[in-house]
Amino acid sequence: MKRGRWILPGDSAARLIDGVGLAKLIRGEIAADVAVLRGSGVTPGLTVVLVGDDAASAVYVGAKEKASREAGMAGETIRLPSATTQAQLLALVEQLNADASVHGILVQMPLPSHIDPDTVIRHIDPAKDVDGFHPINVGKLLIGHTDGFAPCTPSGVQRMLTHYGVETRGADCVVIGRSTIVGKPMAALMVQAGAGADATVTICHSRTRNLGDHTRRADILIVAAGRPRMVTADMVKPGAVVIDVGMNRIPDASTKSGTRLVGDVDFEGVRQVASLITPVPGGVGPMTIAMLLRNTVRSAQRTLVA
Ligand code: NAD
């Protein structure tokens, strides 16, 4: 049986991947890059557009604003009422596309139902699409061109694997979930040729038969299904690396808010089998914002060499 490289004789539980610590490290690197850019007269700017008053979106947007400010970046959050028309939003996007001080544009999803998200994404200049959702960037990712932007959450997962020295070359990597923002780009990253990738990738989804037969083969199991604790210990190969992207709020009468955040992995059970595992919270979540800042800085750097 192939064992994960992190398991030591006598170890009973997996090592934890510290997403908070790694995100902090990356944000430090970003702050240094921002300082260099500012010295060249360019302050990276991220503009976040929030339409409507979705409470969860407001929290995410606030966190992005704070993180970019802490990294010394410029930028703002534009808050629009939920009655904003699609035409008004597209006009704003075009204005931001033309603004040289804006290096990254992020339109926070979900949008109100009268606005088509794909139309909005297609209007963002691909060179400023730091979310990596524009079809040009999706295509570049699939081809393996590195001059686009890869989506932030899967990029963060890949960076975690690299940072923790996980051998990805030739590894069986199983991704649960086929969404455009996590599952599919995650698989596209892992299947590329090169460092931190070169894996043999399987994508599982809601129509997959016998899910456990696939997951039990995985050296690296990445779960992004949005199903609280659906991956149990019996579905995991001993020594596997398990990355839990899921963020699910479940009722919990013992907490002040009456809810608790859990992942898609039964953490307590799976950590007895895995060699390396991400907690929720404190795993993948903090990496997403760090990679958003990374993409924005990259966009600003490209304006210097362009
Ligand atoms: P989504 O709902 O768009 O996609 C879920 C995917 O899981 C689908 O492709 C579906 O086919 C698959 N799926 C659902 N049930 C399944 C089952 N029983 N067996 C196999 N596959 C199944 O969700 P998403 O946007 O990809 O997000 C997934 C999870 O990741 C959510 O919990 C979300 O909150 C979380 N998330 C976290 C971050 C972060 O920064 N940590 C970022 C994005 C999403």
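Each value, and the rule that gives it
Residues numbered from 1 in each chain as written. Predicted model: local features only at pLDDT ≥ 70, side-chain atom pairs only at ≥ 80, totals over all residues. Heavy atoms only, no water. Helix = DSSP H or I, 4+ residues; strand = E, 2+ residues; numbered from the N terminus. Rg over C-alpha atoms; globule rule 2.2 N^0.38 Å. Buried < 20%, exposed > 50% of the residue type's maximum accessible area, 1.4 Å probe, protein only. Contact = heavy atoms within 4.5 Å. Areas by Shrake-Rupley, 256 points an atom, 1.4 Å probe, with all protein chains shown as cover. Near = heavy atom within 4 Å. Polar contact = N/O pair within 3.5 Å; in protein donor to acceptor, adjacent residues only side chain to side chain. Pairing = 2+ DSSP bridges. Axes fitted to C-alpha atoms, helices over the stretch in contact; angles between N-to-C directions. Core = buried A, V, L, I, M, F, W, Y, C linked by side-chain atoms within 4.5 Å. Parallel < 35°, antiparallel > 145°, perpendicular 65-115°, else oblique. Nonpolar A, V, L, I, M, F, W, Y, C, P; charged D, E, K, R; others polar. Phe/Tyr/Trp six-rings, centres within 6.5 Å; stacked < 30°, edge-to-face > 60°. Lys NZ or Arg CZ within 6 Å of the ring centre and 35° of its normal. Left-handed = near helix turned anticlockwise from the far one by under 90°.

Let's shift gears to the overall build of the chain. Along the backbone of the chain there are 10 helices and 11 strands. Here the chain has a C-alpha radius of gyration of 20 Å; the compact-globule value for 306 residues is 19 Å, and the two agree. Its C-alpha atoms give the chain principal-axis dimensions of roughly 55 × 45 × 35 Å. Here the chain holds 306 residues, and the buried ones make up 48% of them. Sequence-distant contacts in the chain: of pairs separated by 6 or more residues, those separated by 24 or more amount to 71%. Only carbon and sulfur atoms are counted for the fraction: they give 55% of the accessible area of the chain, which is about 14,400 Å².

Close to the ligand lie 22 residues; Arg178, Ser179, Ser206, Met247 and Thr288 are nearest. At a separation of 3.3 Å, a nitrogen atom of the ligand approaches a polar side-chain atom of Arg227. Between Val245 and the ligand, the recorded distance is 3.4 Å, taken from a backbone N or O atom to an oxygen atom. Protein contacts shield 73% of the accessible area of the ligand, which totals 860 Å² for the unbound molecule.

With that out of the way, let us pick up the sheet that holds strand 4 (residues 104–107). Strand order in the open sheet made by the 3 strands is 3-2-4, with parallel pairing throughout. The sheet terminates laterally at strand 3 (74–80) and strand 4, the two strands that pair on one side only. Between one strand axis and the next, the sheet turns through 15° on average, direction left out of account. As defined by bridge partners, strand 2 (residues 45–51) adjoins strand 3 across 7 bridges and the pair is classed as parallel. Opposite Leu46, over in strand 3, you have Gly75 as the bridge partner.

Counting 48 residues, the largest nonpolar core has Val157, Leu161, Ile220, Ile222, Ile243 and Val245 as the members making the most contacts within it. Sort the elements by how many residues they give to this core and helix 10 (residues 284–305) lands first, with 9 residues. What Leu161 contacts, discounting residues up to four positions off in sequence, is Val166, Thr168, Met190, Ile220, Val241 and Ile243. With 18 residues, the next largest nonpolar core counts Ala218, Val265, Val273 and Ala274 among its residues.

Along the chain, Asp252 falls in the loop between strand 9 (248–251) and strand 10 (259–262). In contact with Asp252, not counting residues within four places along its chain, are Gly258, Thr259 and Arg260.

Turning to the packing of helix 6 (residues 152–163) against helix 10, a few remarks are in order. Put simply, helix 6 and helix 10 touch, their axes get as near as 8 Å, and they point 105° apart. If you check the angle between helix 6 and helix 10, you find them roughly perpendicular. Across the interface between the two elements, Cys152, Thr153, Ser155, Gly156, Val157, Arg159 and Met160 of helix 6 pack against Val284, Met287, Thr288, Met291, Leu292 and Asn295 of helix 10. Considered class by class, the residues forming the contact of helix 6 with helix 10 number 7 nonpolar, 5 polar and 1 charged.

Now for the packing of aromatic side chains. All told, the structure shown has 0 aromatic pairs when counted by the stated rule. Just above the ring of Phe149 sits the side chain of Arg302; from NZ or CZ to the centre is 4.7 Å.

What follows concerns the packing of helix 6 against helix 7 (residues 183–191). One can describe the packing of helix 6 onto helix 7 by two numbers: an axis separation of 9 Å at closest approach and a directional angle of 40°. The pairing of helix 6 with helix 7 is recorded here as oblique in orientation. When you trace helix 6 past helix 7, the crossing you get is right-handed. On helix 7, the residues touching Pro154, Ser155, Val157, Gln158 and Leu161 of helix 6 are Pro185, Met186, Leu189 and Met190.

Limitation: the analysis is restricted to geometry and does not speak to function.
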